[in-house]
Amino acid sequence: MAITGTSEKVALQALKASDWHLEGAFDFFYSQPQIRAVTDSRHLEELYNRYKDPYVDMIMVDGVSLLCNDLQVEPQDIVMLVVSWHMKAATMCEFSRQEFISGLQSLGVDSIEKFREKIPSLRAELKDENKFREIYNFAFGWAKDQGQKSLALDTAIGMWQLLFAEKHWPLVDYWCQFLQVRHNKAISRDTWSQLLEFAKTIDPQLSNYDAEGAWPYLIDEFVEYLFENGIVQRGN
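Residues numbered from 1 in each chain as written. Predicted model: local features only at pLDDT ≥ 70, side-chain atom pairs only at ≥ 80, totals over all residues. Heavy atoms only, no water.

*Asks:* Which residues make up the overall build of the protein chain, and what values do they have?
*Replies:* Scanning the protein chain for helices and strands turns up 12 helices and two strands. The secondary structure elements of the protein chain, listed N-terminal to C-terminal, are α-α-α-β-α-α-β-α-α-α-α-α-α-α. Among the 236 residues that make up the protein chain, the fraction classed as buried is 43%. The contacts in the protein chain between residues at least 6 apart in sequence include a share of 63% that link residues at least 24 apart. Surface exposure of the protein chain reaches about 13,000 Å², of which carbon and sulfur atoms provide 50%. Across the protein chain, 23 positive and 35 negative side-chain charges occur, with their mean positions spaced 4 Å apart. (Helix = DSSP H or I, 4+ residues; strand = E, 2+ residues; numbered from the N terminus. Buried < 20%, exposed > 50% of the residue type's maximum accessible area, 1.4 Å probe, protein only. Contact = heavy atoms within 4.5 Å. Areas by Shrake-Rupley, 256 points an atom, 1.4 Å probe, with all protein chains shown as cover. Lys, Arg positive; Asp, Glu negative; His and termini not counted. Charge placed at Lys NZ, Arg CZ, Asp CG, Glu CD.)

Spelled out as structure tokens, the structure:
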């Protein structure tokens, strides 16, 4: 139930069909679309109308706040980023009717109770390397101001602290400190995506860092900053 987000009834059906073998139950569940969650469009409309703004046909900040309250999660909880990724939301703290309803249909959710039950499996998706990369890359476009190509520095720092809290990258606070001291400008998409590669592939002592590598200049400057300030010793 935690992994598939399905109901107890469907989980039991899949387990019985596979003679109580877990792997077999997953195979059965994913190969039988008719037993997977079916959403009721009327319920989805009711949910959307509960959260939509009274003046525009969108769910805005107040509606997202009410949704978080109903889901029993804080608005700044990273799971709301995962929810927005599933909804293919264009902008932070907003959902269009299409984004909200299509997103819930794809999750197999048509009530707040089902949505709440889904939260642990959505949170677990951050542990999957490929999904984390997709969510990380999605976050750049989602968090930036509409019409802008770059991400405001304060927003980028907030997002990095949120995302790297999941990955436990030990240099994240130094990176944010470095940007405020030395850079103090908006962040490009290239820097955003390359930082994840840097955090994943370069060990925190920089022993496998290659100065001739094709890192963006900002990451090279960050490495120099770490050496200059004695945070990392050269030759480690």
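So, next bit.
*Asks:* How would you sum up the environment of L196? Please name residues and give values.
*Replies:* Residue position: L196 is located in helix α11 (residues 189–201). Assessed through its relative accessible area of 3%, L196 is described here as buried. The sequence separation of L196 and E129 amounts to 67 residues, and the corresponding C-alpha distance is 11 Å. Apart from the residues within four sequence positions on either side, L196 is in contact with F132, R133, Y136 and F164.

*Asks:* With reference to specific residues and values, describe the packing of aromatic side chains.
*Replies:* Within the structure shown, the criterion is met by 20 aromatic pairs. Ring geometry for F198 against F222: centres 6.4 Å apart, planes inclined by 70 degrees, an arrangement best described as edge-to-face. Taken together, the residues F198 in helix α11 and F222 in helix α12 (residues 217–228) connect sequence positions 24 residues apart. Among the residues examined, F222 registers a relative accessible area of 0% and is labelled buried. (Phe/Tyr/Trp six-rings, centres within 6.5 Å; stacked < 30°, edge-to-face > 60°.)

*Asks:* Describe in detail helix α3 (residues 41–51), supporting the description with residues and values.
*Replies:* Along α3, the residues classified as buried are L44, L47, Y48 and Y51. One side of α3 holds all its buried residues, which, seen down the axis, span an arc of 100 degrees. Within α3, the exposed residues directed more than 90 degrees away from the buried face are R42 and E46. Here the buried face of α3 lies against β1 (58–59), α4 (61–71), β2 (95–96), α6 (97–107) and α7 (112–124). (Arc of directions from axis to C-beta.)

*Asks:* Let's hear about the packing of helix α10 (residues 172–183) against α12: which residues, and what values?
*Replies:* For the pair α10 and α12, interaxial distance at closest approach is 10 Å and the crossing angle is 105 degrees. The orientation of α10 relative to α12 falls into the category roughly perpendicular. Every residue of α12 that contacts α10 at Y174, W175, Q177, F178, L179, R182 and H183 is listed here: Y217, L218, I219, E221, F222, Y225, L226 and E228. When the residues that make up the contact of α10 with α12 are grouped by side-chain class, the tally is 10 nonpolar, two polar and three charged. (Axes fitted to C-alpha atoms, helices over the stretch in contact; angles between N-to-C directions. Parallel < 35°, antiparallel > 145°, perpendicular 65-115°, else oblique. Nonpolar A, V, L, I, M, F, W, Y, C, P; charged D, E, K, R; others polar.)

*Asks:* Which residues make up the pattern of salt bridges, and what values do they have?
*Replies:* The tally for this structure, following the rule as stated, stands at 12 salt bridges. Because the salt bridges share partners, they merge into one network encompassing E45, D57 and R97. (Salt bridge = Lys/Arg side-chain N within 4 Å of Asp/Glu carboxyl O.)

*Asks:* I'd like a description of the packing of α3 against α6, backed by residues and values.
*Replies:* It is at 10 Å that the axes of α3 and α6 come closest, and there the two elements cross at 135 degrees. The orientation of α3 with respect to α6, classified from their angle, is oblique. The interaxial crossing formed by α3 with α6 has right-handed handedness. Contacts from L44, E45, L47, Y48, N49 and Y51 in α3 reach R97, F100, I101, L104 and Q105 in α6. When the residues that make up the contact of α3 with α6 are grouped by side-chain class, the tally is seven nonpolar, two polar and two charged. (Left-handed = near helix turned anticlockwise from the far one by under 90°.)

*Asks:* Lay out the nonpolar core with the relevant residues and their values.
*Replies:* Of all hydrophobic cores here, the largest spans 71 residues; its most connected members are F100, W160, W175, W192 and F198. Ignoring sequence-local partners within four residues, the contact set of W175 consists of W160, W169, T191, L195, L218, I219 and F222. Counting residues in each nonpolar core, the second largest holds five residues, with V10, A14, L15 and F29 among its members. (Core = buried A, V, L, I, M, F, W, Y, C linked by side-chain atoms within 4.5 Å.)

By themselves these figures say nothing about function.
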